[in-house]
Amino acid sequence: MAVRLNVAVLLQYDTDRLLAPFLKEAGLEPKGELYPNWAGLDGHVGGHYLSALAMNAATGSRECEERMLYMISELGRCAGANAANHPEWGRGYIGGVPESDRIWGAFKKGDIGPYAAAWVPFYNVHKVFAGLRDAWLYCGNEDAKALFLGCCDWALDITSGLDDATMERALDTE
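To keep things clear, this report deals only with the structure shown in the data block.

Cut-offs used in this document
Residues numbered from 1 in each chain as written. Predicted model: local features only at pLDDT ≥ 70, side-chain atom pairs only at ≥ 80, totals over all residues. Heavy atoms only, no water. Axes fitted to C-alpha atoms, helices over the stretch in contact; angles between N-to-C directions. Helix = DSSP H or I, 4+ residues; strand = E, 2+ residues; numbered from the N terminus. Parallel < 35°, antiparallel > 145°, perpendicular 65-115°, else oblique. Contact = heavy atoms within 4.5 Å. Polar contact = N/O pair within 3.5 Å; in protein donor to acceptor, adjacent residues only side chain to side chain. Phe/Tyr/Trp six-rings, centres within 6.5 Å; stacked < 30°, edge-to-face > 60°. Buried < 20%, exposed > 50% of the residue type's maximum accessible area, 1.4 Å probe, protein only. Lys NZ or Arg CZ within 6 Å of the ring centre and 35° of its normal.

## Observations regarding the packing of helix 2 (residues 15-25) against helix 4 (residues 62-85)
- Relative to each other, helix 2 and helix 4 sit at 10°, their axes nearing to 9 Å. Between helix 2 and helix 4, the interaxial angle falls into the category roughly parallel. On helix 4, the residues touching Thr15, Asp16, Leu19, Phe22, Leu23 and Glu25 of helix 2 are Arg67, Tyr70, Met71, Glu74, Leu75, Arg77, Cys78 and Asn82.

Below you can see the structure in the form of structure tokens.
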């Protein structure tokens, strides 16, 4: 009963609206309007949603599996667009963090000012990491695995040139 209720609630959400921040930040045309209630944490809820879809797909929900596959496909488009549109910092990036280009472009160069002015950027992107990981681990989705590992590579790359003191200052934002 609880699983059916959970699936019913998940299916009430508009997947395109949850994907809108990712598409927007990747320079792609969103297919739905952003949900306004998490302004500043755009993309964060989409990561939670992908995790929930994966968990329910793993229990046999065909509807959740279809939505999960759609989200993975769209997030893959975002990863490709980020790599093409932001080659200096965007390879592997999948995120809906508002003003991603300004924040991550400066962050990679050691300027954490825009990062510090944002609302928990790494917390935000780690939710999509978790959603992709869940789709891979619970459902064996190889596309999700590839995107997840690309996100991991992105995180290593974006932080590789930063010293410990800069990373400590960045953690103050989180």
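## Let's talk about the side chain of Ser61
- Tracing the sequence through the fold places Ser61 in the loop between helix 3 (44-58) and helix 4.
- One polar contact links the side chain of Ser61 to the main-chain amide nitrogen of Cys64, over a distance of 3.1 Å.
- Those residues in contact with Ser61, other than ones at most four positions away along the chain, are Val7 and Asn56.

## Topic: the side chain of Ser100
- Relative to the elements of secondary structure, Ser100 occurs in helix 5 (residues 100-108).
- In this structure Ser100 touches Glu25, Trp89, Tyr93, Gly95 and Gly105, once residues within four positions along its chain are discounted.

## Digging into the packing of aromatic side chains
- Taken as a whole and judged by the stated rule, the model has 14 aromatic pairs.
- The interplanar angle of 65° and the centroid separation of 5.9 Å between the aromatic rings of Tyr13 and Tyr49 together place this pair among those described as edge-to-face. Pair noted here: Tyr13 is in the loop between helix 1 (2-10) and helix 2 and Tyr49 is in helix 3, with a separation of 36 residues, a long-range link.
- Relative to Tyr93, the ring of Trp89 lies with its centre 5.2 Å away and its plane at 65°, an arrangement referred to as edge-to-face. Tyr93 matches Trp89 in its accessibility class, with the two residues each being buried.
- By way of ring pairs, the aromatic residues Trp89, Tyr93, Trp104, Phe107, Tyr115, Phe122 and Trp154 are connected into one cluster.
- Here Arg17 stacks its cationic end above the ring of Tyr35, 4.0 Å away from the centre of that ring.

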